[in-house]
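Residues per chain are reported as follows:
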Amino acid sequence: MIELIPAIDIIDGQCVRLKKGDYSDKTVYASDPTAVAKAFERQGFRRLHVVDLDGARSRHIVNTSILRSITEATNLVVDFGGGIKTDADIEEAFRCGASMVTVGSVAVTSPTLFSRWLHKYGPERIILGADVRDGKVSINGWKEDSSESLLPFLRYYVEEGVTHVLCTDISRDGMLSGPSVELYSEVMRAYPSLHLIASGGVSSNEDIELLQRRGIPAVVFGKAYYEGRIDVTRLEI
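The sections below set out a description of the structure shown in this document. All figures in this text were calculated on a predicted structure; none of them were measured in a lab. (Residues numbered from 1 in each chain as written. Predicted model: local features only at pLDDT ≥ 70, side-chain atom pairs only at ≥ 80, totals over all residues. Heavy atoms only, no water.)

A short note on the overall build of the protein
Counting its regular elements, the protein contains 10 helices and 12 strands. For 237 residues, the compact-globule estimate of 2.2 N^0.38 gives 18 Å, and the C-alpha radius of gyration of the protein, at 16 Å, lies within 12% of that figure. On the principal axes, the C-alpha backbone points of the protein span a range of 40 × 40 × 35 Å. Between the mean site of the 27 positive side-chain charges and the mean site of the 33 negative ones, the protein shows a separation of 1 Å. (Helix = DSSP H or I, 4+ residues; strand = E, 2+ residues; numbered from the N terminus. Rg over C-alpha atoms; globule rule 2.2 N^0.38 Å. Lys, Arg positive; Asp, Glu negative; His and termini not counted. Charge placed at Lys NZ, Arg CZ, Asp CG, Glu CD.)

Brief notes about unusual backbone geometry
A positive phi is found at Lys 20, a non-glycine position, where the angle reads about 55°. Along the chain, Lys 20 turns up in the loop between β2 (14-19) and β3 (22-30). Phi at Asp 134 is positive, roughly 55°, even though this residue is not glycine. Of note, Asp 134 is situated in the loop between β7 (126-133) and β8 (136-139).

Observations regarding helix α1 (residues 33-42)
Of all the residues in α1, the buried ones are Pro 33, Thr 34, Val 36, Ala 37 and Phe 40. Within α1, the buried residues cover an arc of 160° as seen down the axis, which keeps them to one side. Its side-chain oxygen at 3.1 Å from the backbone nitrogen of Thr 34, Asp 32 defines the N-terminal cap of α1. Backbone geometry just downstream of α1 places Gly 44 in the positive-phi region, at approximately 110°. (Buried < 20%, exposed > 50% of the residue type's maximum accessible area, 1.4 Å probe, protein only. Arc of directions from axis to C-beta. Polar contact = N/O pair within 3.5 Å; in protein donor to acceptor, adjacent residues only side chain to side chain.)

Comments concerning the packing of helix α7 (residues 150-160) against helix α8 (residues 181-190)
Running from N to C, α7 and α8 point in directions that differ by 40°, and their axes come no closer than 11 Å. Overall, the two elements α7 and α8 adopt an arrangement that is oblique. As for how α7 packs across α8, the hand of that crossing is right-handed. Along the contact surface, α7 presents Leu 150, Leu 151 and Leu 154, while α8 presents Leu 183, Glu 186, Val 187 and Ala 190. Of the residues that constitute the contact of α7 with α8, the class distribution is six nonpolar, no polar and one charged. (Axes fitted to C-alpha atoms, helices over the stretch in contact; angles between N-to-C directions. Parallel < 35°, antiparallel > 145°, perpendicular 65-115°, else oblique. Left-handed = near helix turned anticlockwise from the far one by under 90°. Contact = heavy atoms within 4.5 Å. Nonpolar A, V, L, I, M, F, W, Y, C, P; charged D, E, K, R; others polar.)

Focus: the packing of aromatic side chains
Given two aromatic rings, their pairing is described by the distance between the two centres and the angle made by the two planes. As enumerated under the stated definition, the model contains 10 aromatic pairs in all. Ring geometry for Phe 40 and Tyr 225: centres 4.7 Å apart, planes at 50°, overall tilted. Here Phe 40 is found in helix α1, whereas its partner Tyr 225 is found in helix α10 (residues 223-226), with 185 residues between them in sequence. Given the relative accessible area of 1%, Phe 40 is considered buried. Connected via pairs of aromatic rings, a cluster forms that spans Tyr 29, Phe 40, Phe 45, Phe 221, Tyr 225 and Tyr 226. The lysine or arginine in question, Arg 125, covers the ring of Phe 94, its NZ or CZ lying 3.9 Å from the ring centre. (Phe/Tyr/Trp six-rings, centres within 6.5 Å; stacked < 30°, edge-to-face > 60°. Lys NZ or Arg CZ within 6 Å of the ring centre and 35° of its normal.)

A short note on the pattern of salt bridges
As enumerated under the stated definition, the model contains 14 salt bridges in all. Linking Asp 87 and Arg 116 is a salt bridge whose minimum nitrogen-to-oxygen distance equals 3.1 Å. In this pair, Asp 87 is assigned in helix α4 (residues 87-95) and Arg 116 in helix α6 (residues 111-121), connecting sequence segments 29 residues apart. Arg 172 is the partner of Asp 169 in a salt bridge, and the nearest nitrogen-oxygen pair spans 3.7 Å. Among the charged side chains, a salt-bridge network with shared partners connects Glu 3, Arg 47 and Asp 79. (Salt bridge = Lys/Arg side-chain N within 4 Å of Asp/Glu carboxyl O.)

Concerning the pairing of strand β9 (residues 144-149)
Note: β8 against β9, three bridges, orientation antiparallel. Considered in β9, the bridge of Lys 136 is made with Ser 149. The loop that links β8 with its antiparallel partner β9 comprises four residues; one of these, Asn 140, has a positive phi angle of about 55°. (Pairing = 2+ DSSP bridges.)

Here we look at the nonpolar core
Residues Ile 8 and Phe 114 are the most contacted members of the largest nonpolar core, which totals 70 residues. Setting aside residues no more than four positions away along its own chain, Phe 114 makes contact with Val 103, Val 106, Ala 107, Ile 126, Leu 128, Tyr 157 and Val 162. (Core = buried A, V, L, I, M, F, W, Y, C linked by side-chain atoms within 4.5 Å.)

Brief notes about helix α3 (residues 64-73)
Those residues of α3 not exposed but buried are Thr 64, Ile 66, Leu 67, Ile 70 and Thr 71. Down the axis of α3, the sector holding all buried residues measures 160°, keeping them to one side. Exposed positions of α3 whose direction lies more than 90 degrees from the buried face are Ser 65 and Glu 72. As for α3, its buried residues are in contact with β1 (3-11), α1, β4 (47-52), β5 (77-81) and α4.

Here it is, written out as structure tokens:
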């Protein structure tokens, strides 16, 4: 059964969604992310993906008080990403209750640092963020495209011991246009042992069911939930 992971993206203390990572195209869905997290827990979800968009833009962790509030108010397994660039950032995320962290930009710009974190904290606590635009991995809140192609990038870190990867197709994120099923299937064919988390474009229960049929281990969704396009009663939580 596919693992279902709702998402909370935070800007200025609010629960928001962007389109294709564009900070100027923002929709605010709630003013209290902790209340949203508690609602997810009441509905039966056990996992939560929290994105510090302020942190991603600022290149350092920002919304730790909200992370702490969520982890103290719920029993959700929280993975946290956005702006984790230094030892101090990752230590603060774990100190504030994150069970896992998602790290993307550092894996591109400072592979030695990422590998050190991977071996220090263990592959069960470090999720490799692979955010893709036109086949290349993007960094720093999706504002910059690197020269790294997705599959060779993943190969390097799988050999380093990575077991969890969050892969987002930026062109579909927040667009409700359906997930990049072929992209995720390609990754799974290349690395069948990965716990791949598909992200971007989910618009309905049918999209989630399609990913499950294709053998994708996990899926993140946000906007479709907030806009009432996902019927939680039909999900196998």
